[in-house]
Amino acid sequence: MAIQVDSYPEEIGEIFDTVAALAPAIREALPGRRVQNDETNPSGETQLAADAYADELFLEELGSLDSVVEYASEERTKVVPTDGKRETGLSVAIDPLDGSSNLKSNNTMGTIVAVYDAPLPAEGADLVAAAYVLFGPITTMMTADADGVTEYLVDDGQRELLEEDVRLPDDPSVYGFGGRVPDWTSDFATYAELVEADESMKLRYGGAMIGDINQVLTYGGIFAYPALESAPVGKLRLQFEGNPIAFIIESAGGRSSDGSQSLLEVEPTDLHQRVPVHVGNDELVEQLETVLG
Ligand code: AFP
């Protein structure tokens, strides 16, 4: 699917700046929040888990932007109407801390942002921008908008350009597939065998989609959280994960699929609807669609 977006450049820039500005506060809060909402930390204090804390920050800051009229997050059951002052404004859907269970083991996690020009739940075709912040050894941010895909270093809450026009490398070398292997469908297991038989491909799976996606963008390859026998719709959520990641990957010259069509063509039926996710280099996702038939 060809991504064509040319609206709201200033508003999108403001949303990206706001997300980057919050990254240091979220990162700094992580060490003290390696507990669940209802647990106490070693000092005996009860506090919000890291993902709920990040969600509060994003609602406060993004919700105060004039251009944002709706806010939704993986942490909330319903869409929150915000103070956006425009009659028709943008809707932000956010996964405040994707891979938050990685906090316990001190592994990668990040924030995923989808900006829709429509009320939520919205279609992939209504996306005008998407981004993610990656809390790795360094904090980076990948954005996709009318300017294509751009990678930034996030330093002191500011975006510093690292690479413009990020494209998926031509010779893919990494793959990461979620779900228990015995729970895969037989068709997906067949596809996985094809990928594994290719000696140029190495397994990379980290338990935070954002980390695995960043590897795919860096080295080329495929990430999937497929339909499972026990969960035919998979695990990941369309509005917060599937759509924005598809938008970024397709903007970088790759392809996305729910198994038969682009993720951006999946009809939205519910804010928290789940969808099988497969994204990566064009030929790998095309081969997957052929095998899943
Ligand atoms: P958490 O945010 O609950 O840690 O889940 C992360 C995630 O949504 C996605 O980022 C990972 O790719 C996937 O789930 C990992 O799921 P498994 O634990 O089943 O591998």
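Just above, that's the structure.
Residues numbered from 1 in each chain as written. Predicted model: local features only at pLDDT ≥ 70, side-chain atom pairs only at ≥ 80, totals over all residues. Heavy atoms only, no water.

*Asks:* Quick rundown of the site of the ligand? Include the residues and the values.
*Replies:* Of all residues adjacent to the ligand, which total 14 residues, the nearest are Asp 98, Ser 101, Tyr 205, Met 209 and Tyr 225. Ser 100 places a main-chain nitrogen or oxygen 3.2 Å from an oxygen atom of the ligand. Interatomic distance of 3.3 Å between a side-chain N/O atom of Glu 241 and an oxygen atom of the ligand. Relative to its unbound accessible area of 490 Å², the ligand is 74% covered by the protein chains. For the shell around the ligand, the secondary-structure elements that each account for two or more residues are strand E3 (90–98) and strand E11 (221–225). (Near = heavy atom within 4 Å. Polar contact = N/O pair within 3.5 Å; in protein donor to acceptor, adjacent residues only side chain to side chain. Areas by Shrake-Rupley, 256 points an atom, 1.4 Å probe, with all protein chains shown as cover. Helix = DSSP H or I, 4+ residues; strand = E, 2+ residues; numbered from the N terminus.)

*Asks:* Would you mind going over the environment of Lys 235 in detail, with residue names and values included?
*Replies:* Mapped onto the elements, Lys 235 comes out in the loop between E11 and helix H5 (238–251). Note: C-alpha distance between Lys 235 and Val 277 (42 residues apart in sequence) is 8.6 Å.

*Asks:* An account of the packing of helix H4 (residues 209–219) against H5 is requested, with residue identities and associated values reported.
*Replies:* The N-to-C vectors of H4 and H5 enclose an angle of 15°; their axes lie 12 Å apart at closest approach. When the interaxial angle is binned, H4 and H5 end up roughly parallel. Where H4 crosses over H5, the two elements pack in a sense that is right-handed. Listed contacts from H5 to Met 209, Ile 210, Ile 213, Val 216 and Leu 217 of H4 are Glu 241, Ile 245, Ile 248 and Ile 249. Of the residues assigned to the contact of H4 with H5, the class counts are 8 nonpolar, no polar and 1 charged. (Axes fitted to C-alpha atoms, helices over the stretch in contact; angles between N-to-C directions. Parallel < 35°, antiparallel > 145°, perpendicular 65-115°, else oblique. Left-handed = near helix turned anticlockwise from the far one by under 90°. Contact = heavy atoms within 4.5 Å. Nonpolar A, V, L, I, M, F, W, Y, C, P; charged D, E, K, R; others polar.)

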